[in-house]
Structures are given as C-alpha cells and as structure tokens.
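Fold and contact review
Each chain is listed here by its residues.
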Amino acid sequence: MALIGRRAALVALVLLAVQPARSRADDDAGRFVEEAHASALFQERISRVAAAKATRPGIKALAARVRDFRSAQLPTLGRLAAAVGIEVRDTLDLELRSIVENIEPLDYLALSRRYAEVEAQALDKEIAAYEGAARSNSQQVRDYAAAHLESLRGFGKEVRDELAAVGP
C-alpha cells in the first residue's frame with residue numbers, strides 16, 4: 001500500500017514538473033489585463049452616471065464619449081483576457097464600488113467636479129499602466145496597449161480641461 005502511495009506521489013511530481021509553468025511575463029500580462037478591465041469597468045460605470053445626470057455640457061459630453069468607449073472596450077478586454085489565459089469579472093472591488101456609490105447621489109456642480117476628479121485620477125493611473133504594457137513581453141498586450149494609448153491620452157487631456165473649468 002505504501003508503495004502505491006509513493007508511486008502516486010512520484011507520478012504527481014513528474015506531471016507537475018512537465019507542465020509548463022506560467023512565466024513572469026505571463027503573470028505581468030495577466031495582471032495588466034485584469035487591471036485594465038477593472039479600470040474600464042469602473043470608468044464605464046461612473047461615466048454612465050455623469051452622462052445621465054451632469055448639467056454641465058462639457059462634462060455630460062465627455063462622460064458620454066468615455067461611457068461609449070468603455071462599453072466597446074470591455075468585450076475586447078474580455079477576449080484579450082481569454083487569450084492570455086485569465087478570467088475577468090464584471091464586478092468592481094469594494095473600493096471602486098464605493099466610489100461609484102458615492103458619485104450616484106451627487107448632482108449639479110458637485111457631480112461634475114467629483115466625476116472630473118475621479119476620472120482624471122483613474123486615467124493618470126491607467127495611462128501609466130498602458131505605457132508599461134506597451135513594452136510587455138506579450139505581443140498581444142503590446143499591440144492592445146499601443147492601439148489604445150492615444151485615445152486614453154486624449155481623454156486625459158479633455159478631463160483635465162473640464163476639471164479646470166469646474167474646479168474651485
């Protein structure tokens with residue numbers, strides 16, 4: 001009986017040894033895709049709120065463009081996630097969900113300011129991640145990041161302009 005147990009353990013070790021291990025590059029690509037998906041989902045949700053409720057035309061228009069961009073981006077990120085071997089969820093973590101919930105009851109200038117502040121912070125962080133991903137070892141991640149980086153920079157400039165207009 002002990003001999004069978006040892007053989008089973010040896011077989012398990014051999015099988016683990018021959019399975020390809022995920023490389024650091026694979027992990028970095030997966031982490032980027034997870035973060036990009038979470039950021040896109042978060043920005044889609046806050047932009048949906050701002051596009052529906054904002055009274056300032058610049059914020060309303062920007063939020064609608066970001067919402068539409070993110071809505072189109074999410075399925076693409078889902079396919080990229082599958083290609084790099086990870087699964088992404090369509091739920092926000094507690095911190096991001098809390099921010100969305102705190103934006104929802106706002107209106108008028110308070111909504112415009114808070115949306116612009118949060119969107120600017122999210123885009124700054126996201127642009128830095130995309131710049132790093134543009135140098136990824138994964139060709140798919142590099143191509144994806146390069147294809148979207150200029151759009152994100154454009155949104156970043158627009159949101160900073162709007163933030164200056166609604167700032168205190």
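Residues numbered from 1 in each chain as written. Predicted model: local features only at pLDDT ≥ 70, side-chain atom pairs only at ≥ 80, totals over all residues. Heavy atoms only, no water.

**So, the overall build of the protein**
What the protein contains, in helices and strands, is six helices and zero strands. Secondary structure of the protein in N-to-C order comes out as α-α-α-α-α-α. Looking at the protein residue by residue over its 168 residues, the buried ones come to 37%. Long-range contacts, defined here as pairs at least 24 residues apart, represent 78% of the contacts in the protein between residues at least 6 apart. Of the accessible surface of the protein, which amounts to about 9,700 Å², a share of 56% is contributed by carbon and sulfur atoms. (Helix = DSSP H or I, 4+ residues; strand = E, 2+ residues; numbered from the N terminus. Buried < 20%, exposed > 50% of the residue type's maximum accessible area, 1.4 Å probe, protein only. Contact = heavy atoms within 4.5 Å. Areas by Shrake-Rupley, 256 points an atom, 1.4 Å probe, with all protein chains shown as cover.)

**Topic: the packing of helix 3 (residues 57–84) against helix 5 (residues 108–133)**
Interhelical geometry of helix 3 versus helix 5 gives an angle of 40° and a closest axis separation of 12 Å. In this view, helix 3 runs oblique relative to helix 5, as classed from their interaxial angle. Of the two possible hands of crossing, helix 3 and helix 5 adopt the one that is left-handed. Between helix 3, through Ile59, Leu62, Ala63, Val66, Arg70 and Gln73, and helix 5, the contact on the second element is made entirely by Ser112, Tyr115, Ala116, Glu119, Leu123, Glu126 and Tyr130. Among the residues forming the contact of helix 3 with helix 5, the class breakdown is eight nonpolar, two polar and three charged. (Axes fitted to C-alpha atoms, helices over the stretch in contact; angles between N-to-C directions. Parallel < 35°, antiparallel > 145°, perpendicular 65-115°, else oblique. Left-handed = near helix turned anticlockwise from the far one by under 90°. Nonpolar A, V, L, I, M, F, W, Y, C, P; charged D, E, K, R; others polar.)

**Some points on the packing of helix 5 against helix 6 (residues 139–166)**
Between helix 5 and helix 6, the shortest axis-to-axis distance is 8 Å and the interhelical angle comes to 150°. In this view, helix 5 runs roughly antiparallel relative to helix 6, as classed from their interaxial angle. Considering the relative orientation of helix 5 and helix 6, their crossing is left-handed. Among the residues forming the contact of helix 5 with helix 6, the class breakdown is 16 nonpolar, three polar and nine charged.

**Quick look at the pattern of salt bridges**
Summed over the entire model, instances satisfying the criterion amount to 10 salt bridges. Here arginine 65 makes a salt bridge to glutamate 158, at a shortest N to O gap of 2.0 Å. Here the residue arginine 65 occupies a position in helix 3, and glutamate 158 occupies one in helix 6, the gap between them amounting to 93 residues. In this structure arginine 65 comes out as partly exposed when scored by relative accessible area, which is 39%. Bridged by salt links that share partners, the residues Glu131, Glu150 and Arg153 form one connected network. (Salt bridge = Lys/Arg side-chain N within 4 Å of Asp/Glu carboxyl O.)

**With respect to the side chain of glutamine 73**
In this fold, glutamine 73 is placed in helix 3. In this structure glutamine 73 comes out as buried when scored by relative accessible area, which is 2%. Not counting residues within four places of it along the chain, the set of residues in contact with glutamine 73 comprises Ala40, Tyr130, Tyr144 and His148.

**Things to note about the confidence of the model for the protein**
Looking at the protein, pLDDT values average 86 and 85% of them are 70 or higher. Mean pLDDT across the elements of the protein bottoms out in helix 1 (residues 2–18) (48) and peaks in helix 3 (96). Low confidence marks residues 8–25, where pLDDT is under 50. Its contacts with residues over four positions away, or in another chain, come to five contacts. (pLDDT = per-residue confidence, 0-100.)

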